[in-house]
Amino acid sequence: TAQESTSKPSPMALGDSLNYAGQLVAAREEYYQVAAQYSEQPAEPVYAEALLAAAEMHIVMSELAKADSLTTYAARVVERHAEPGDAIYMRLFQMQGELAEFKENYAVALKNYHLCLKMVIEREGANSQPARNMYNRLGVVHYFTNEIDSTLFYLHTILNQLHDAA
C-alpha cells in the first residue's frame, strides 16, 4: 500500500500560488496574514519569510517605501532570531539586493547578491537553479552599471551550466 503523506503544506503555499498566478495584491495580503499568524512566534523562520514575501510584492508594485520598511523590519527579526548561515539569510540577502537594485543603489545590490550567492553555493551548489538566479541578478546589475564584461561573465556562466547539463 502507498504511504500517505503526513507533511502539511507550507503556510506560504497559498500566497506563492497567488503570486505565480499574477494575483500580486492577493498574494501580498496572504503573506501579511501569514506574518500576522506567526507574529507571536518571531523565531519561526516563516514569520520573516512572510514579511520578505510581502516586501517583494511591494517591490514588484513599485511601492518601494513599504518594501524598504518591511525588509528593514524583517532584517531585525532575522538578526535577532536566526543563526548565521540559516537559510532565511539567503532570502534576506536576496530581498535586500532586489530592493537596492530597484532603488538604483547598485553597490548595495551587488553586495547582497554576492552574500546570497555565497550561501546558495554552500547549501545547494554552484550549478543549482538558485545559483543561476543569482548569477542572472548579478549580470543584470552589472549591465545597469555599464560593466559589460562582468555582465557577460555571469550570463556565460549560466549558459555554460545549462550547456553542460544538457
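Look a little higher up for the structure.
J.: Looking at this structure, I do not really get the packing of aromatic side chains. What am I missing?
T.: The description of an aromatic ring pair uses the distance of the two centres, along with the angle that the planes make with each other. By the definition in use, this model includes six aromatic pairs. Here the aromatic rings of tyrosine 89 and phenylalanine 93 are separated by 5.8 Å at their centres, their planes lie at 45°, and the arrangement is tilted. Highlighted residues: tyrosine 89 and phenylalanine 93, both in helix α5 (residues 87-102), separated by four residues, approximately one helical turn. Judged by its relative accessible area of 12%, tyrosine 89 falls in the buried class.

J.: Help me understand the layout of surface pockets, please; the structure alone is not making it clear to me.
T.: Take a probe with the size of a water molecule and roll it over the atoms, and the empty space left behind shows itself. Within this model, the largest pocket holds a volume of roughly 630 Å³. Together, 24 residues line the largest pocket, and Tyr20, Glu56, Arg91, Gln94 and Glu98 are the ones closest to its centre. Going through the elements one at a time, α1 (13-20), α3 (45-60), α5, α6 (106-124) and α7 (129-144) are the ones with two or more residues in the lining of the largest pocket. The greatest single-element share of the lining of the largest pocket, amounting to six residues, is contributed by α5. Residue composition of the lining of the largest pocket, grouped by class: 12 nonpolar, five polar and seven charged.

J.: Help me understand a nonpolar patch on the surface in this model?
T.: Together, Tyr143, Phe144, Ile148 and Leu152 make up a nonpolar patch on the protein surface, roughly 400 Å² of accessible area in all. Secondary-structure elements contributing two or more residues to the nonpolar patch are α7 and α8 (148-165). Its location among the elements puts tyrosine 143 in helix α7.

J.: What is the right way to read the environment of methionine 134 from this model?
T.: By secondary structure assignment, the location of methionine 134 is in helix α7. Residue class for methionine 134 comes out buried when judged on its relative accessible area of 3%. C-alpha of methionine 134 to C-alpha of leucine 115: the two residues are 19 residues apart in sequence and 9.9 Å apart in space. With near-sequence residues (within four places) excluded, methionine 134 lies in contact with Gln94, Tyr113, Cys116 and Leu117.

J.: Help me understand the side chain of arginine 28 in this model?
T.: In this structure, arginine 28 sits in helix α2 (residues 24-37). For arginine 28, the side chain forms a polar contact with the side chain of glutamate 63, separated by 3.3 Å.

J.: Help me understand the packing of α5 against α6, please; the structure alone is not making it clear to me.
T.: What describes two packed helices is the angle between their axes and the distance between those same axes. Taken N-terminus to C-terminus, the directions of α5 and α6 make an angle of 155°; their axes are 8 Å apart at the nearest point. When the interaxial angle is binned, α5 and α6 end up roughly antiparallel. Like other packed secondary-structure pairs, α5 and α6 cross with a definite hand, here left-handed. Contacts between α5 and α6 involve Ala87, Tyr89, Met90, Phe93, Gln94, Gln96, Gly97, Glu98, Ala100 and Glu101 from the first element and Tyr106, Val108, Ala109, Asn112, Tyr113, Leu115, Cys116, Met119, Val120, Arg123 and Glu124 from the second. Its residues assigned to classes, the contact of α5 with α6 comprises 13 nonpolar, four polar and four charged.

The rules we used
Residues numbered from 1 in each chain as written. Predicted model: local features only at pLDDT ≥ 70, side-chain atom pairs only at ≥ 80, totals over all residues. Heavy atoms only, no water. Phe/Tyr/Trp six-rings, centres within 6.5 Å; stacked < 30°, edge-to-face > 60°. Helix = DSSP H or I, 4+ residues; strand = E, 2+ residues; numbered from the N terminus. Buried < 20%, exposed > 50% of the residue type's maximum accessible area, 1.4 Å probe, protein only. 1 Å grid on protein atoms, 1.4 Å probe; cavity = no way out; pocket = protein on both sides within 12 Å on 5 of 7 lines; lining within 4 Å. Points joined across faces, edges and corners; volume = space filled by probe spheres on them. Nonpolar A, V, L, I, M, F, W, Y, C, P; charged D, E, K, R; others polar. Patch = residues over 30% accessible without salt bridge, like charges linked within 9 Å, V, L, I, M, F, W, Y side chains within 5 Å. Areas by Shrake-Rupley, 256 points an atom, 1.4 Å probe, with all protein chains shown as cover. Salt bridge = Lys/Arg side-chain N within 4 Å of Asp/Glu carboxyl O. Contact = heavy atoms within 4.5 Å. Polar contact = N/O pair within 3.5 Å; in protein donor to acceptor, adjacent residues only side chain to side chain. Axes fitted to C-alpha atoms, helices over the stretch in contact; angles between N-to-C directions. Parallel < 35°, antiparallel > 145°, perpendicular 65-115°, else oblique. Left-handed = near helix turned anticlockwise from the far one by under 90°.

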